[in-house]
Every structure is written in structure tokens, then in C-alpha cells.
Amino acid sequence: MLLNTYTTQTPAYDEMWTAAPFHSAPREHWQPLIDGLQRLGHEELRRRTSEIQRLLRENGVTYSVYNDPNGLHRAWQLDPMPLIVGEHDWRVVESGLQQRVELLNLMLSDIYGERRLIAQGLLPLELIYNHSGFLRPCSGVSFPTYEAKSRQLRIYAADMARGPDNRMWILSDRTQAPSGAGYALENRLVMNRALPDAFAGMTASGLTVRRIVPFFSALQESLLAIVPERSRNPHIVVLTPGPGNETHFEHAYLASSLGYTLVQGEDLTVRDGYVFLRSLGGLQRVDVILRRVDDSFCDPLELRADSHLGVAGLTEVVRRGNVAIANPLGSGILENPALMAFLPNIARYFLGEELILPSAATWWCGQEKERRYVLENLSSLIIKPIDRSRLQHGSLSHGVFGQNLSKIELERLRNDIEREPYRYVGQEFVNFSTVPVLNGGSLTPRYAVMRTFLVALNDGYIAMQGGLTRAAMDKHNFLISNQAGGTSKDTWILASEPEQMPVRIKKQATTDADQSHEEPLSAPEQRFFRQEYTLSSRTAENLFWVGRYAERAQATARHLRTILQQRAELVPQGFAQGVSEGSSKTDTAFLHSLLFALTHVTMTYPGFVGEEGEENLRKPESEIIAVALDSERLGGLASTLGSFKRSVYAVRERLSGDTWRVIGDIERSWSELSSMAAKETLNDESRLLLLQRALDSVIASLAAFLGLNMESMGYDEGWFLLDAGRRLERVIHVSSLLQSLFVYKQETAVEQLLLTQVLELNECLMTYRSRYRSQLHLATVLDLLLIDRTNPRSMVYQLERLQQRVEDLPHKRTIYAFSRLAPQERLVLEALTSLRLADALTLTEIHDDSLRTALETLLIGISTLAGQVSEAITQEFFNHSEVQQQISSSVVS
């Protein structure tokens with residue numbers, strides 16, 4: 001039985017298990033879930049757990065960890081056991097959170113406005129002005145006039161845990177750019193798919209698991225309410241630090257789900273007192289910014305001069321009321337943990353109420369009495385910095401547990417506090433509640449923290465009916481954070497009656513059994529207008545390179561696979577026996593030509609070229625493995641796949657779920673190959689066999705990726721650039737391949753073998769056989785690969801499609817002095833014309849005994865023009881960098 005192995009093993013309150021003196025059993029509101037899981041059995045539950053991780057992996061759900069030895073993107077972990085909060089408990093928590101966020105909103109307005117709290121002595125002046133979250137340039141700045149102008153704090157999150165008094169305690173407030181809502185939504189959607197019977201079991205028992213999707217509809221409504229002017233088509237963007245940020249998945253996920261444009265600071269610019277998005281069609285005005293960048297980094301002109309994440313001049317635009325930001329610049333001051341010590345008195349002052357939800361007892365060291373208490377009890381308290389910066393002894397921003405420090409570390413911390421006491425707080429260490437975590441087929445207790453979210457509307461704050469729960473890695477660990485590891489949980493808020501949806505959120509009628517089913521997001525009711533050219537130049541550039549890298553990786557993988565297949569057929573004993581010793585001269589020359597072409601096409605010199613290449617040709621195994629697997633080898637397959645992955649992650653909000661499943665397949669297959677090939681016990685021959693099997697998977701997955709995007713992406717400027725990148729890369733590849741193999745005449749038998757492989761590499765062998773039904777001839781092969789407009793793999797076909805794509809893009813024709821064509825259009829037309837004028841028979845003519853001069857001239861010319869096309873597209877559409885910084889650091893002093 002599932003519960004036979006469960007014991008709380010801690011003195012703390014357990015959320016699932018009641019440990020009464022004479023009766024130990026699951027709590028009543030947990031019983032339906034326990035019964036359902038018991039009916040599943042161990043094997044089925046293990047299968048469902050694997051299904052959860054598979055869905056998360058295929059959906060590309062990640063959490064990036066800085067300096068993580070296992071890679072930049074860590075797979076998101078979700079425990080199949082949710083945290084269940086009963087209806088009565090939730091009513092208290094919800095009321096307490098709404099009270100708290102109203103209070104914090106009043107404090108934010110006061111700190112940057114009248115500052116009555118400081119004047120009345122309810123907040124120490126030093127606590128505010130010495131905090132890095134207080135931004136002096138934001139004093140007096142508020143949202144422009146709109147319906148909910150009294151609520152500056154649009155989004156709020158609180159971390160909570162149940163204390164020893166059986167009440168939920170607030171551990172921290174998140175007011176700057178609260179993260180986690182997107183992960184909470186993804187957790188719920190995955191749980192709905194993997195464990196639908198668990199939700200059904202709750203419904204059958206007369207309970208309902210509340211939905212969380214309405215929160216996101218409320219978020220959309222909240223952002224629409226702060227549009228500075230009632231424009232017919234307000235433009236809302238999500239400002240992200242970029243793919244390197246730990247929660248970038250969520251930024252892209254929310255932007256895609258809510259229908260907003262995901263931007264980085266370099267995508268935006270300030271002109272004439274307004275914020276604009278640099279799009280392919282020109283500047284597009286931005287009305288609202290949902291920021292995921294810390295406020296001090298948002299403006300290098302007025303806030304932080306060394307920031308490359310923000311928009312120069314943004315603060316002035318906010319000051320003029322021409323753009324709204326959620327949350328407002330300067331709201332980070334409310335995350336100061338020292339404020340918790342003063343909240344009870346502030347609540348009485350502003351609200352005339354006691355706090356419904358308590359905070360952990362907090363002592364700010366900037367006060368003499370409190371500092372003395374902290375220093376006397378250092379080993380039993382939790383010590384935190386007031387501004388989430390790194391403590392001097394190296395701990396992370398969440399602080400340290402005094403009981404875990406050595407005498408030397410405690411003394412060092414004591415000195416730090418005495419030197420700058422106002423920078424530290426001490427908090428009471430409390431045994432918070434534990435939750436059940438499925439670990440190796442059994443349930444074990446773990447300390448956990450629940451984060452839930454609220455959003456401002458005209459009539460108050462709306463709470464998410466759920467949240468993101470995080471559990472510690474092991475049962476003795478009190479440190480709970482995504483950076484420290486652990487697992488996440490879905491959070492179920494129970495109701496005894498079917499959930500009544502707010503009037504503002506439209507919904508079709510449902511049955512009781514449907515109550516737990518999450519529906520797709522729908523925007524609040526409004527008039528709809530199509531918005532043209534909202535693609536940022538940075539996103540456009542990444543899409544262009546996604547197309548190029550995908551084609552390049554596929555071509556390189558095909559070339560490597562061809563070499564390994566031919567080597568197996570012509571030299572059965574393997575390269576280790578020597579190509580020349582085990583094969584005919586024709587076979588040797590043929591394989592050498594393919595290896596030479598590999599170096600030429602991938603630009604992985606010296607490779608198989610020159611004097612060093614002669615040595616590699618005699619024993620090519622290590623060079624082939626390096627080109628395939630060495631990520632430091634620029635131009636090689638691993639390096640190209642790495643570049644492809646980085647570009648894909650930068651545009652993840654533009655790609656479908658099915659596309660992400662394919663990307664996951666590519667990552668897994670290549671990661672498994674790299675891990676196996678790195679084993680010291682394997683020789684080169686074994687590594688080549690592993691490589692050959694993996695190449696089939698990579699080629700198929702890349703083909704699926706390209707096919708999905710060609711069919712599932714809208715035919716807009718993003719699709720045009722993705723396709724343009726593909727076509728341009730194919731032109732460059734075919735030109736480079738033909739140059740390396742046929743510009744210099746080889747023996748007829750060798751050229752016959754090479755012609756077959758060139759057709760195979762370009763997926764044209766069957767087409768050639770069906771059209772010509774004759775022996776292979778260089779002239780007919782060149783005709784098919786270069787000039788035949790009906791062949792979708794031919795170079796002329798690629799250039800014609802490329803011509804169409806560059807014409808489809810929104811050109812800024814006013815800058816083309818006396819020309820009717822953009823530079824890239826003229827270059828493509830020139831390449832296309834030279835190809836159309838070419839004659840296949842003339843291209844095969846030999847001069848100076850071995851050189852096909854006409855073929856060389858044509859291919860070099862087209863390669864050069866293709867490179868110039870890429871540069872021209874970059875200059876017109878991707879030139880998006882604009883660096884502005886403070887003239888003097890005194891601006892923020």
C-alpha cells in the first residue's frame with residue numbers, strides 16, 4: 001500500500017497526515033486522492049510519473065541554473081502528489097493575501113509619494129534610502145490616468161508555509177517581477193493529462209479542484225486597464241532579460257499564451273517621449289510593458305549605467321505617462337525583508353486592522369536593540385540581506401541558517417553585521433509543515449513553500465486559485481528554491497460546490513465533472529484588430545539563423561552518414577585497417593574525395609586538407625569523430641547543433657508544442673550519444689558505430705522540425721525569414737559541395753561514384769533515375785542540381801524562393817537612393833540570372849587538362865553573392881543594437 005511507507009519523521013505539522021495520539025490517518029480532504037492513487041497501484045503510478053516527466057520534457061519546460069555543471073537548461077521537475085488546501089483554509093489565506101497586497105500597494109504609493117510612514121516614524125528613513133530597491137528617479141512617478149489608478153502594484157506573489165500554530169505564514173513578498181505563474185499553469189495542464197482520474201476522484205467525492213486559468217484572463221484585463229491612452233489596438237510586450245535568464249521558459253510561455261510580444265531591451269527604443277518596438281516594418285509604439293527584468297536594470301540612462309538589459313530613457317517615458325509598466329519601476333523596495341518587522345503597525349495605520357496572515361518574526365539590525373538580539377542569538381536565527389544581494393561570505397540571496405555555520409563562519413558573519421548593520425535582518429527559525437513527495441515508489445515528507453499570485457482589477461485583487469509549490473530535495477533540508485534543486489507540485493484549492501466563474505470571464509456551461517479541466521486562455525472581451533509587423537529585429541535574426549543552422553546541421557549529418565555508410569561497404573574492416581590497404585585505388589580516391597569535401601563544406605580546416613590532412617586521410621577516425629562530436633570545433637555538427645539550439649531557445653515563443661517535442665528528441669539523442677562516446681573504454685570504431693546510429697535520428701528530427709514549422713507557422717515575416725535562411729543555406733551548401741568535388745576532373749570511375757553520392761546527399765537520386773533513365777553524366781547531374789526549375793532541391797529553385805521571400809519582407813525603400821530594388825533583391829536577381837544563363841554542357845568543359853573553369857566561376861560567383869545577400873539582409877533587418885548609457889554616474893547618486 002502507498003501509505004504503508006509514509007511516516008512524517010519530523011516534529012512539524014504534515015499537510016497530508018494527521019498524527020493524533022490514538023489515531024494516525026490521512027486528513028479528510030486528502031482521502032479521495034489517496035484512494036485514487038491506491039487503486040492505480042505502484043506500477044501504474046510509476047508509469048504516470050514517467051508520463052509527467054515525458055510531457056514536461058516534450059513541452060520544453062526548463063529552469064536555467066547559473067553555473068550548473070549539467071548544462072544551461074535543467075529539466076523541470078513535477079511531483080505527482082499535489083499540495084491540497086482545504087476550502088476553509090483557503091478562505092483565510094485568500095483574505096489575508098488580499099489584505100496584504102492592498103497594504104503593500106498603499107506603502108508603495110507612500111514611499112514614492114507623500115512619505116507619511118517615514119514622517120510618522122512607522123518606517124525608519126535608513127531602511128528605505130539605504131536599500132538598492134529604492135529608485136530616486138521614480139519619486140512621484142505613477143501610472144497615467146485609467147480606471148484602476150489607485151492600484152500601482154498590478155501583480156503580487158507571496159511565499160507561504162504553514163507554521164506551528166496551524167496558520168499560513170508569509171515568508172517573503174514578491175513585488176518586482178514575480179515569477180512562477182507560468183510554471184503553475186504548465187504543472188496543472190500536465191497533471192490534467194497524466195492524472196485525470198485524480199481530478200475525477202475529487203469530483204466524485206463532492207469536491208472540486210478550482211481552476212487557475214481565470215487568473216491569466218484577469219491578468220490580461222489588468223494590463224489592458226493601464227494602457228495610457230485608449231488606443232484601438234493597444235500593444236503589450238513582455239520584457240525579458242533573454243534566454244540566459246533562469247525563468248526564460250516562463251517568459252516565452254506567458255508571451256505565447258497571452259498573445260504578447262516577447263522582447264529584450266535591445267528590441268525597444270525611446271523616440272519623442274514614447275517607447276517603440278523595432279520591428280521589421282518599422283517602429284511600433286508600445287503601450288504596456290510586462291517586465292521580467294529587475295527595475296534597476298530597466299534604464300541605463302537614469303537607473304543603472306552598466307545595464308545592457310533595459311531601454312535607455314524608459315524612466316522619462318514613464319514619467320510623461322506615455323507607457324505603463326507592470327510592476328512599476330521602484331516596486332522592488334517592497335521585497336525588503338526588514339519591512340516585515342514594521343508591517344503590523346503600518347496595517348493599523350493604513351487599514352485600521354490586524355494582519356490576517358502573520359510573518360516570521362523579524363529583527364532589523366539597523367536598530368540597536370534588535371541588532372543586539374540578533375548578535376546574541378546568531379546561531380539560532382536565519383540571517384538575510386535586506387536587498388537579496390550576495391552576502392560577503394558567499395551565500396546566496398536567500399540568506400543562511402545560523403545553525404549550519406561553523407564558529408569561523410559565525411564570527412565572519414558577526415563582523416559583517418557590525419560593520420554594516422542596516423544591510424541585515426535576523427528572522428526566527430520555525431519548523432514549517434511538510435508535504436508528501438513521491439520518491440522511488442514511496443511517499444516521504446519534505447519541507448515545502450507555496451507561492452501564489454494576485455492581480456489588480458478595478459474592484460480589488462484577484463487571487464490565483466492555486467499556485468506553485470516547491471519541495472526541498474531531502475527531508476532534512478530547510479532550504480527551498482529552484483536554484484537549490486528540489487521538485488515542484490501542483491497546488492489544489494478545494495471547493496465544496498462547482499466553481500462560479502467571474503462575470504468578466506466568458507465561459508461555456510460545464511458539468512460538475514468538468515470543473516477541474518483547464519481551458520485555453522481567452523482574452524477579455526474587446527474589439528479585435530490585426531497588428532502588422534510586430535516581429536522584433538532580434539527575433540527575426542534568430543528565426544533567420546534557425547533556418548540556416550537547421551539546414552546546415554542536416555546537410556552535415558547527411559554527409560557524415562554517407563561517409564560512414566560508404567566506408568562500411570567499401571572498407572568492411574574499418575578505417576583502422578587503413579583505407580588504402582583494404583580497398584581499390586578507386587574506392588580510396590572516392591572516400592578521400594568525400595572526406596576532403598567534408599572539410600571544405602563544414603570549413604573545419606585543416607581537417608583532410610593540406611599536409612596535416614594527408615595524415616588524417618591515412619587514419620581518419622579521430623577527425624571524423626571530432627567534426628561530429630566536438631562542440632568546440634566550429635563548423636562541426638555538434639557546434640552547429642549548439643548554435644541551432646541557442647537560436648531556437650531565443651524564439652521559443654514562436655514555436656508550437658509539437659516543434660518543441662522534436663527539439664527535445666534532438667537534444668536527448670545527441671546528449672545520449674555524447675555521453676556514451678565520452679566513455680574512455682570505447683575505441684574509435686565503437687564510437688563511429690554509435691555515431692552512425694545517432695545520425696539517422698538527428699536527420700529525421702531535423703526534417704520533422706523544418707516540416708512542422710513550414711506548415712504550422714503563420715505566413716508572416718517570421719516564416720519568410722526562416723524560409724529565406726533555409727534557401728540561402730542550401731544554395732551555399734550545394735555550391736560548396738560541387739566546388740569541392742567536380743571543379744577538378746577526377747578519374748571517370750571515381751566521378752561516377754561521387755555523382756551518385758551527390759544526388760543522394762541532395763535527395764535527388766530517385767528524381768534523377770525517373771527523369772533520365774540513363775547512366776550518370778556530370779552534365780545531367782548539374783542540370784538537375786543547378787538549373788532545373790522543377791526540382792525542389794535545385795539551386796535555381798532555392799534562389800527563386802529566396803527571391804520571393806526577400807520581396808515579401810517589408811522594405812524601407814526610401815533609403816535606396818535611385819534604385820527600385822533593395823540590395824538583397826538585386827543580389828539574388830544577379831545570382832539567379834547567372835544561373836539561368838548557364839549551360840550544363842559548357843559547365844562540364846575542361847581547361848588546362850583538369851580544371852572546369854566555367855563551373856568554378858559560376859559556383860564561386862554564386863557563393864560570393866549568397867554571402868552578400870546574407871550581409872544585406874542583416875544590415876537592413878537585424879541591425880538592432882543601440883547602446884545608450886549615463887554620461888555621469890552622478891545621475892543615480
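First, a word on scope: everything that follows refers to the structure included in this document. (Residues numbered from 1 in each chain as written. Predicted model: local features only at pLDDT ≥ 70, side-chain atom pairs only at ≥ 80, totals over all residues. Heavy atoms only, no water.)

Moving on, we come to the packing of aromatic side chains. Counted by the stated rule, this structure contains 22 aromatic pairs. A ring pair is formed by Y63 and W76, whose centres lie 6.3 Å apart and whose planes are at 45°; its orientation type is tilted. Of the two residues, Y63 is situated in strand 3 (residues 62-64) and W76 in the loop between strand 4 (73-75) and strand 5 (78-85); the sequence distance between them amounts to 13 residues. A relative accessible area of 8% means that Y63 is categorised as buried. An angle of 20° between the planes, with centres 5.3 Å apart, marks the rings of F249 and Y253 as stacked. Remark: Y253 and F249 occur in helix 8 (residues 248-258); sequence separation between them is four residues, near one turn of the helix. Assessed through its relative accessible area of 5%, F249 is described here as buried. (Phe/Tyr/Trp six-rings, centres within 6.5 Å; stacked < 30°, edge-to-face > 60°. Helix = DSSP H or I, 4+ residues; strand = E, 2+ residues; numbered from the N terminus. Buried < 20%, exposed > 50% of the residue type's maximum accessible area, 1.4 Å probe, protein only.)

Once that is clear, we can look at helix 27 (residues 853-877). Relative to the 36 Å expected for 25 residues at 1.5 Å per residue, helix 27 spans 36 Å between its end C-alpha atoms, a close match to the ideal helical length. Considered for burial, the residues of helix 27 that qualify are L855, L858, L859, I862, L865, A866, V869, S870, A872, I873, E876 and F877. In the core, the buried residues of helix 27 are packed alongside helix 13 (537-570), helix 20 (717-742), helix 23 (778-787), helix 24 (795-808), helix 25 (823-836) and helix 26 (840-843). (Expected span 1.5 Å × (residues − 1). Contact = heavy atoms within 4.5 Å.)

Mapped onto the elements, H811 comes out in the loop between helix 24 and helix 25. As a C-alpha pair, H811 and G281 span 530 residues in sequence and 7.4 Å in three-dimensional space.

Before going further, it helps to spend a moment on the state of the cysteines. Counting across every chain of the model gives zero disulfides. Lacking any disulfide linkage, C298 is separated from the closest cysteine sulfur, that of C138, by 9.2 Å. (Disulfide = S-S within 2.5 Å.)

At their nearest, the axes of helix 13 and helix 20 sit 7 Å apart, and the two run at 35° to each other. Both helix 13 and helix 20 take part in a crossing whose hand is right-handed. Across from A540, L543, F544, V546, G547, R548, E551, R552, A555 and H559 in helix 13, the residues of helix 20 making contact are G718, L721, L722, A724, G725, R726, L728, E729, R730, I732, H733 and L737. Class assignment of the residues belonging to the contact of helix 13 with helix 20 gives a composition of 11 nonpolar, five polar and six charged. (Axes fitted to C-alpha atoms, helices over the stretch in contact; angles between N-to-C directions. Left-handed = near helix turned anticlockwise from the far one by under 90°. Nonpolar A, V, L, I, M, F, W, Y, C, P; charged D, E, K, R; others polar.)

With that settled, consider the pairing of strand 23 (residues 468-471). Burial of strand 23 is two-sided: the residues L468 and R470 facing one way and the residues T469 and A471 facing the other way are all buried. Relative to strand 23, strand 21 (residues 442-457) is paired through four bridges, and the arrangement is antiparallel. When the bridges of strand 23 are listed, A448 appears paired with A471. As paired strands, strand 23 and strand 24 (residues 487-495) are joined by four bridges and run antiparallel to one another. Bridge pairing in strand 24 links L468 to D490. (Pairing = 2+ DSSP bridges.)

It is worth spelling out the sheet that holds strand 15 (residues 324-326) at this point. Taken in spatial order, the four strands make up an open sheet running 10-9-14-15, and their pairing is parallel. Both outer strands of the open sheet, strand 10 (261-263) and strand 15, are each paired with one neighbouring strand and no more. Between one strand and the next, the sheet's axes are offset by a mean angle of 30°, whatever the strand orientation. Pairing of strand 14 (residues 288-291) with strand 15, which is carried by three bridges, proceeds in the parallel orientation. Residue pairing for strand 15: L290 is matched across the bridge by A326. Sitting on the sheet, helix 8 touches strand 9 (236-239) and strand 10, and the angle it makes with strand 10 is about 150°.

With that settled, consider the nonpolar core. Generally speaking, a soluble globular protein has its nonpolar side chains buried in company with each other. By size, the foremost hydrophobic cluster in this structure holds 134 residues, and its most contacted members are M107, L123 and I289. Per-element accounting of this core gives the leading share, nine residues, to helix 2 (residues 87-111). Setting aside its immediate chain neighbours within four residues, L123 contacts M107, I111, L117, I118, I128, L339, F342 and I346. If you look at the next biggest cluster of nonpolar residues, it comprises 107 residues, including I666, L737, I787 and V796. (Core = buried A, V, L, I, M, F, W, Y, C linked by side-chain atoms within 4.5 Å.)

A few words on empty space enclosed by the protein. In total, this model carries four cavities of 30 Å³ or more according to the counting rule given. E551, R552, Q554, A555, R558, E729, R730, H733, V734, L761, N762 and R793 are the residues that line the largest cavity. Elements that contribute at least two residues to the lining of the largest cavity include exactly helix 13 and helix 20. One number sums up the size of the second largest cavity: a volume of about 70 Å³. In this structure, the second largest cavity is lined by E15, L83, M160, A161, R162, M168, S433, V435, A448, V449, M450 and T469. Looking at the lining of the second largest cavity, the elements that each hand over two or more residues are strand 6 (155-162) and strand 21. (1 Å grid on protein atoms, 1.4 Å probe; cavity = no way out; pocket = protein on both sides within 12 Å on 5 of 7 lines; lining within 4 Å. Points joined across faces, edges and corners; volume = space filled by probe spheres on them.)

Let us now look at unusual backbone geometry. For the peptide bond that leads from A326 to N327, omega is -5°, which places it in the cis range. By the element assignment, N327 lies in the loop between strand 15 and helix 10 (343-350). A cis amide bond, omega 5°, links Y605 with the succeeding residue P606. By secondary structure assignment, the location of P606 is in the loop between helix 14 (585-602) and helix 15 (610-618). If you check the backbone angles, N166 has positive phi at about 70° while not being a glycine. For N166, the location among the structural elements is in the loop between strand 6 and strand 7 (168-174). Given the relative accessible area of 40%, N166 is considered partly exposed.

A separate point is the sheet that holds strand 11 (residues 268-271). Strand order across the open sheet formed by three strands is 11-12-13, with antiparallel pairing between neighbours. Either end of the sheet is taken by a strand with one partner, and the two such strands are strand 11 and strand 13 (282-285). Averaged over all pairs of adjacent strands, the angle between their axes in this sheet comes to 45°, without regard to strand direction. Here four bridges tie strand 11 to strand 12 (residues 274-279), and the two strands are oriented antiparallel to one another. Bridge assignment links R271 to a residue of strand 12, and that residue is Y274.

Its 13 residues give helix 12 (residues 407-419) an end-to-end C-alpha distance of 18 Å, which sits within 8% of 18 Å, the value for a rise of 1.5 Å per residue. Every buried residue of helix 12 is accounted for by L410, L413, D416 and I417. Buried residues of helix 12, viewed axially, fall in a sector of 120°; they line one side. The exposed set on the far side of helix 12, more than 90 degrees from its buried face, consists of K407 and I408. Contact partners of the buried residues in helix 12: helix 11 (368-376), strand 17 (381-385), strand 18 (400-401) and strand 19 (424-428). (Arc of directions from axis to C-beta.)

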